Amino acid sequence: FVPLFILATAYAFARFAFSLYAPAPRPSGLAWRLSSRDGAAGGWPYLQLIACILCAWALWRAWLYGHAPELLPFCLYWSGFALWGAAGAALGAADCRIQSRADTA
């Protein structure tokens, strides 16, 4: 039971991560296999909102460790995860703006 649950959540997270960082669709038809068909712009603003919530949650987890020197690796791990989520939200928002400008031009 536990391994199937872990595989299912890992697959769901992989779909989210690839969709968050996926580029806009290209005319060549090449796309990222695990991402959504439209890339990050297709999930706007939901993917970026989930990434911001994930960032806040990871920062909260890092803050819970306090300032104990022996827990620094855990704090750095959660801080890096928060940075990953923030970067994904920012890059996805920028990609959506670029794509909307290209659509209106």
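The structure reproduced in this document is the subject of the present report. Note that the structure is a prediction, hence the values are computed from the model and not measured.

### Some remarks on the overall build of the protein chain
Counting its regular elements, the protein chain contains 3 helices and 0 strands. Element order for the protein chain, N to C, with α for helix and β for strand: α-α-α. Looking at the protein chain as a whole, 28% of its 105 residues are labelled buried. Sequence-distant contacts, at least 24 apart, represent 55% of the contacts inside the protein chain between residues at least 6 apart. Of the side chains in the protein chain, 7 bear a positive and 4 a negative charge, and the two mean positions are spaced by 5 Å.

### Examining the nonpolar core
Of all hydrophobic cores here, the largest spans 13 residues; its most connected members are Phe16, Leu20, Ala51, Ala58, Trp78 and Phe81. Broken down by secondary-structure element, the contributors of at least two residues to this core are helix H1 (2-21), helix H2 (46-64) and helix H3 (72-104). Per-element accounting of this core gives the leading share, 6 residues, to H2. If we skip the residues at most four places from it in the chain, Ala58 touches Trp78, Phe81 and Ala82.

Rules of the game
Residues numbered from 1 in each chain as written. Predicted model: local features only at pLDDT ≥ 70, side-chain atom pairs only at ≥ 80, totals over all residues. Heavy atoms only, no water. Helix = DSSP H or I, 4+ residues; strand = E, 2+ residues; numbered from the N terminus. Buried < 20%, exposed > 50% of the residue type's maximum accessible area, 1.4 Å probe, protein only. Contact = heavy atoms within 4.5 Å. Lys, Arg positive; Asp, Glu negative; His and termini not counted. Charge placed at Lys NZ, Arg CZ, Asp CG, Glu CD. Core = buried A, V, L, I, M, F, W, Y, C linked by side-chain atoms within 4.5 Å.

Read these as layout, nothing more, since geometry by itself doesn't imply function.
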